[in-house]
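The chain contents come next:
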Amino acid sequence: MSPPVKPEELLARLRSAREAAGGKPGALERLRLHRELAAEAPAFVPNLLELGRCLQLAEPAAGEDTFTEAETVLKQAVELSERSAPALLELGYFLNLIRDRPQEMEPLLEEAAGKSLRLLEDAWSGLIDALVEQGKLQRALALSGEALRVFPESARITLSSQSARARAIQEGLLPPEPC
C-alpha cells in the first residue's frame, strides 16, 4: 500500500491541473490531469468539483458520456463534502443547465443558501469579536450594523454587537446609553 498523499502535494497537483492547457477548462490535457488526480485521491473534493466543471466543457463535446460522468463526480463531491454549499451549488447548476431539471436544482440551492447563511452569521459574529479585541471599534460597529440588518434575530450577532457598543462607549466613541 502506498503512503497517503500529503495535502501540499494534492494542492500542487490541483494547481498544475488547473493551469494545464493555459487554464482552458474543457481542454483534454486538463481533463486528463483532473481524472488522474481523482483516481489517486477520490475523496479530494476540490478536484472533483474541477473535474465536474471540466467534463461539462470537454472538447470535443463527448456528449452524454461526459455529462453522465460529470453528474456522478458532482454527486460524489456533494456526499464527500458532507453536503457543503459549494458542492451543492455545482450539482444544482449542473442539474439545471445541463440536465434541464430545475425542480432538482431548487432544493440543492435552498440547502446551499441555508448553509452559507449560517456560515456568514458565524463568520460575522467572530469577526466583530476579533475587531473589538484589536480595538478596531469603528469597523466593528459598522459590521455590527450590517450583521444586525441581515440577522436581526441572531443571538450571536446581538451579543457581539452589544460587546462592540459597550467597548465603544467605554472608549468614548459613542455616548453612554440612557438609563
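Use the structure listed above.
Residues numbered from 1 in each chain as written. Predicted model: local features only at pLDDT ≥ 70, side-chain atom pairs only at ≥ 80, totals over all residues. Heavy atoms only, no water.

Each helix and strand in the protein was counted, giving eight helices and zero strands. Its helices and strands in sequence order give the protein the pattern α-α-α-α-α-α-α-α, from N to C terminus. Taking 16 Å as the expected radius of gyration for a compact globule of 179 residues, we find that the protein reaches 22 Å, considerably beyond that expectation. The buried share among the 179 residues of the protein stands at 35%. Within the protein, contacts between residues separated by at least 24 positions form 50% of all contacts whose residues are at least 6 apart in sequence. Carbon and sulfur atoms make up 58% of the accessible area of the protein, which amounts to about 10600 Å² in all. Taken as two groups, the 21 positive and 28 negative side-chain charges of the protein have centres that lie 4 Å from each other. (Helix = DSSP H or I, 4+ residues; strand = E, 2+ residues; numbered from the N terminus. Rg over C-alpha atoms; globule rule 2.2 N^0.38 Å. Buried < 20%, exposed > 50% of the residue type's maximum accessible area, 1.4 Å probe, protein only. Contact = heavy atoms within 4.5 Å. Areas by Shrake-Rupley, 256 points an atom, 1.4 Å probe, with all protein chains shown as cover. Lys, Arg positive; Asp, Glu negative; His and termini not counted. Charge placed at Lys NZ, Arg CZ, Asp CG, Glu CD.)

Another point: helix α6 (residues 102-133). The end-to-end C-alpha distance of α6 is 45 Å, a good match for the 46 Å that 32 residues give at a rise of 1.5 Å each. Looking at the buried residues of α6, the elements they touch are α5 (85-97), α7 (137-150) and α8 (155-170). One or two residues past the end of α6 sits G135, with phi positive at roughly 80°. (Expected span 1.5 Å × (residues − 1).)

This part covers the side chain of R99. Its location among the elements puts R99 in the loop between α5 and α6. In this view, R99 contacts E64, F67, T68, E71 and F94; residues no more than four positions away in its chain are not counted.

Attention shifts here to a nonpolar patch on the surface. A grouping of L89, Y93 and L97 is seen on the molecular surface, where their side chains present a nonpolar patch of about 300 Å² in accessible area. Following the sequence through the fold, L97 ends up in helix α5. Residue L97 is classed as exposed on the basis of its relative accessible area of 63%. (Patch = residues over 30% accessible without salt bridge, like charges linked within 9 Å, V, L, I, M, F, W, Y side chains within 5 Å. Salt bridge = Lys/Arg side-chain N within 4 Å of Asp/Glu carboxyl O.)

Grouped together as the largest cluster of nonpolar side chains are 22 residues, with contacts concentrated most on L31, L49, L51, L55, A77 and L91. Of all the elements in the fold, those that place two or more residues in this core are α2 (28-40), α3 (45-56), α4 (64-80), α5 and α6. With near-sequence residues (within four places) excluded, L91 lies in contact with L74, K75, V78 and L108. Within the second largest apolar cluster, 13 residues are counted, among which are A140, A147, F151 and I157. (Core = buried A, V, L, I, M, F, W, Y, C linked by side-chain atoms within 4.5 Å.)

All right, on to α7 then. One turn of the α-helix equals 3.6 residues, which is why residues spaced by three or four share an orientation. Helix length check: α7 (14 residues) gives 20 Å between terminal C-alpha atoms against 20 Å at 1.5 Å per residue, within 8%. Where α7 is concerned, the buried positions are L137, A140, L141, L143, S144 and A147. Each element contacted by the buried residues of α7 is listed here: α6 and α8.

This paragraph deals with unusual backbone geometry. Phi at A21 is positive, roughly 55°, even though this residue is not glycine. Backbone geometry places R83, a non-glycine residue, at a positive phi of 65°. Structurally, R83 is set in the loop between α4 and α5. Its relative accessible area of 28% is what places R83 among the partly exposed residues.

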